[in-house]
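# Observations on chain architecture
Next come the chains, spelled out residue by residue.
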Amino acid sequence: MKQVCLLCERNSPSGNLFCQESYCPAEMSPTILNHGDWLGDIEIVKPVIVLRAAVLYEAIHQKEKVLLKVAHPGNENKERLKREAELLRSLQGGLRTVPHLPTLLPPYANTTLRTDAYGKSMLRGHLLYFCLFRYVEGEPLRHLLQKNPQLWIHHVGWIMSSLAATIAALQHKSIYHYGLSPDCLLVRFDEQHNAPRILLFDLGIAAKEQELAHWWYPFFAPPAYMAPELIDARNVQPDYRVDVYGLGITLYELLIGEPAFPYKLRSAAEIARAIARQERLPMNRMEDVDTVATIALQAVSPQAAARQPNARELARLLLNQFGPVPEEKQRRWPSRRTLLLIAAAAGIIILLLALMMSGAFG
């Protein structure tokens, strides 16, 4: 286990974190589980990414690989994870599913999603709330950009059109995210087309229109990705163009290869001042991808009324520019689990036939 600061990202393997930055309150730092640690009957394989409100892990539950999301201590983080899990449960039960969202799994071996959308477990004196997702391969977009800051422009377009389509589907159901950033999604590239496949594993504030003002709290979202109208906002209003800004600031970063508003070792107040003054890094892709750059510049306008009206419109613009993401062919062979079930069923049938035949000749 180690302790990690959510502001400056310093960590302490001993669990006794001391940060030299005056704006970094070490007592807010959650404990991060490492390989071989356990949360109840869930074994940790590795942390995938640390968010401001939760940690995503690769883990093993009931001998199956899963994704485990654990809320940081604190009532706001706990309530957000509960709300997200219940929202995913309701979306899975609908006739029209939302693309690129995780598949929620029962949190315990002896329960179902109908009774439990999320789980609870004690760890070092803290009651931690968690939820389980079906495992999918991928790495956080943040980590992908650290390895390759300048992705191929079609990969940029397909990642963002997939994300915009997901946000558009959520907006159609009057659900607001309000915390989009490269930290929120996993990306993998399929073997056939080398096309990106995304998973939006974090639903942000995960609130509907009538609940948004009640559940809003600013710390869950990275300040460098927050829409200008949310900075120091006391009365948050539902507006689809806030999530358009989140899509735009992510697209902007994918185009220029680094965050539009640098945030490493900068306080939230410094970042807020930079956003208020519009001191973002310049758009340097006008000559080679001017249409896409223009889409991004409109989406990150400091005036909400100047942005695209909703995620559906942004998705349409990107689809017109890049076309649909190439479809991924289904596996020719069943999964390993399916093959094992088939083999077990065949073994049982053979055994029953053998018993019947032995009885007939006995």
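Right above here is the structure, for reference.
Residues numbered from 1 in each chain as written. Predicted model: local features only at pLDDT ≥ 70, side-chain atom pairs only at ≥ 80, totals over all residues. Heavy atoms only, no water.

### Notes on the overall build of the protein chain
- A count of helices and strands for the protein chain gives 9 helices and 15 strands.
- When each of the 362 residues of the protein chain is scored for burial, the buried share is 49%.
- Pairs at least 24 residues apart make up 64% of the contacts formed inside the protein chain by residues separated by at least 6 positions. (Helix = DSSP H or I, 4+ residues; strand = E, 2+ residues; numbered from the N terminus. Buried < 20%, exposed > 50% of the residue type's maximum accessible area, 1.4 Å probe, protein only. Contact = heavy atoms within 4.5 Å.)

### Here we look at the environment of Leu123
- Within the fold, Leu123 resides in strand E9 (residues 119-123).
- On a C-alpha basis, the gap between Leu123 and Leu39 in space is 7.1 Å, while along the polypeptide they are 84 residues apart.

### Considering the pattern of salt bridges
- Evaluated as defined, the whole model comprises 17 salt bridges.
- A salt bridge links Arg197 to Asp190, with the shortest nitrogen-to-oxygen separation between them at 2.4 Å. Here Arg197 and Asp190 have matching classes, each one buried.
- A salt bridge links Arg277 to Glu279, with the shortest nitrogen-to-oxygen separation between them at 3.8 Å. (Salt bridge = Lys/Arg side-chain N within 4 Å of Asp/Glu carboxyl O.)

### A look at helix H8 (residues 311-322)
- Along its 12 residues, H8 runs 16 Å from first to last C-alpha, staying within 8% of the 16 Å computed at 1.5 Å per residue.
- All buried positions along H8 are accounted for by Ala311, Leu314, Ala315, Leu318 and Phe322. Viewed along the axis of H8, the buried residues span an arc of 100 degrees, placing them on a single side of the element. For H8, the exposed residues lying more than 90 degrees away from the buried face are Arg312 and Asn320.
- The inward-facing, buried residues of H8 abut helix H3 (153-172), helix H5 (240-256) and helix H7 (290-299).
- Of the residues that open H8, the one with a side-chain oxygen 3.3 Å from the backbone nitrogen of Arg312 is Asn310.
- Gly323, located one to two residues past H8, shows a positive phi value of around 75 degrees. (Expected span 1.5 Å × (residues − 1). Arc of directions from axis to C-beta. Polar contact = N/O pair within 3.5 Å; in protein donor to acceptor, adjacent residues only side chain to side chain.)

### Some thoughts on the packing of H3 against H8
- Put simply, H3 and H8 touch, their axes get as near as 8 Å, and they point 150 degrees apart. As summarised for this structure, H3 and H8 are arranged roughly antiparallel, according to the angle between their axes. Helix-helix and strand crossings are classified by hand; for H3 and H8 the assignment is left-handed. Facing H3, whose interface residues are Ile153, His154, Gly157, Trp158, Met160, Ser161, Ala164, Ala165, Ile167, Ala168 and Gln171, H8 presents Ala311, Arg312, Ala315, Leu318 and Phe322.
- Looking at side-chain class alone, the contact of H3 with H8 contains 11 nonpolar, 4 polar and 1 charged residues. (Axes fitted to C-alpha atoms, helices over the stretch in contact; angles between N-to-C directions. Parallel < 35°, antiparallel > 145°, perpendicular 65-115°, else oblique. Left-handed = near helix turned anticlockwise from the far one by under 90°. Nonpolar A, V, L, I, M, F, W, Y, C, P; charged D, E, K, R; others polar.)

### Side note on the sheet that holds strand E13 (residues 185-189)
- Strand order in the open sheet formed by 3 strands is E11-E13-E14, with antiparallel pairing between adjacent strands. Among the strands making up the open sheet, the edge pair consists of strand E11 (139-140) and strand E14 (196-200).
- As judged from the 2 bridges shared by E11 and E13, these two strands associate in the antiparallel manner. Bridge assignment links Pro140 to a residue of E13, and that residue is Leu186.
- Where H3 meets the sheet, it contacts E13 and E14, and its direction lies at approximately 35 degrees from that of E14. (Pairing = 2+ DSSP bridges.)

### Some remarks on empty space enclosed by the protein
- Taken as a whole and judged by the stated rule, the model has 2 cavities of 30 Å³ or more.
- A volume near 50 Å³ is recorded for the largest cavity.
- Around the largest cavity, the lining residues are Tyr178, Gly179, Leu180, Tyr225, Met226, Ala227, Leu230, Val242, Asp243, Tyr245 and Gly246.
- Across the lining of the largest cavity, the residue classes tally to 8 nonpolar, 2 polar and 1 charged. (1 Å grid on protein atoms, 1.4 Å probe; cavity = no way out; pocket = protein on both sides within 12 Å on 5 of 7 lines; lining within 4 Å. Points joined across faces, edges and corners; volume = space filled by probe spheres on them.)

### Comments concerning the nonpolar core
- Within the largest apolar cluster, 92 residues are counted, with the highest numbers of intra-cluster contacts made by Leu163, Leu170, Tyr178, Leu200, Leu247, Leu251 and Leu255.
- Sort the elements by how many residues they give to this core and H3 lands first, with 11 residues.
- Those residues in contact with Leu170, other than ones at most four positions away along the chain, are Leu91, Val98, Leu101, Ile175, Leu200 and Leu203. (Core = buried A, V, L, I, M, F, W, Y, C linked by side-chain atoms within 4.5 Å.)

By themselves, these figures tell us nothing about what the structure is for.
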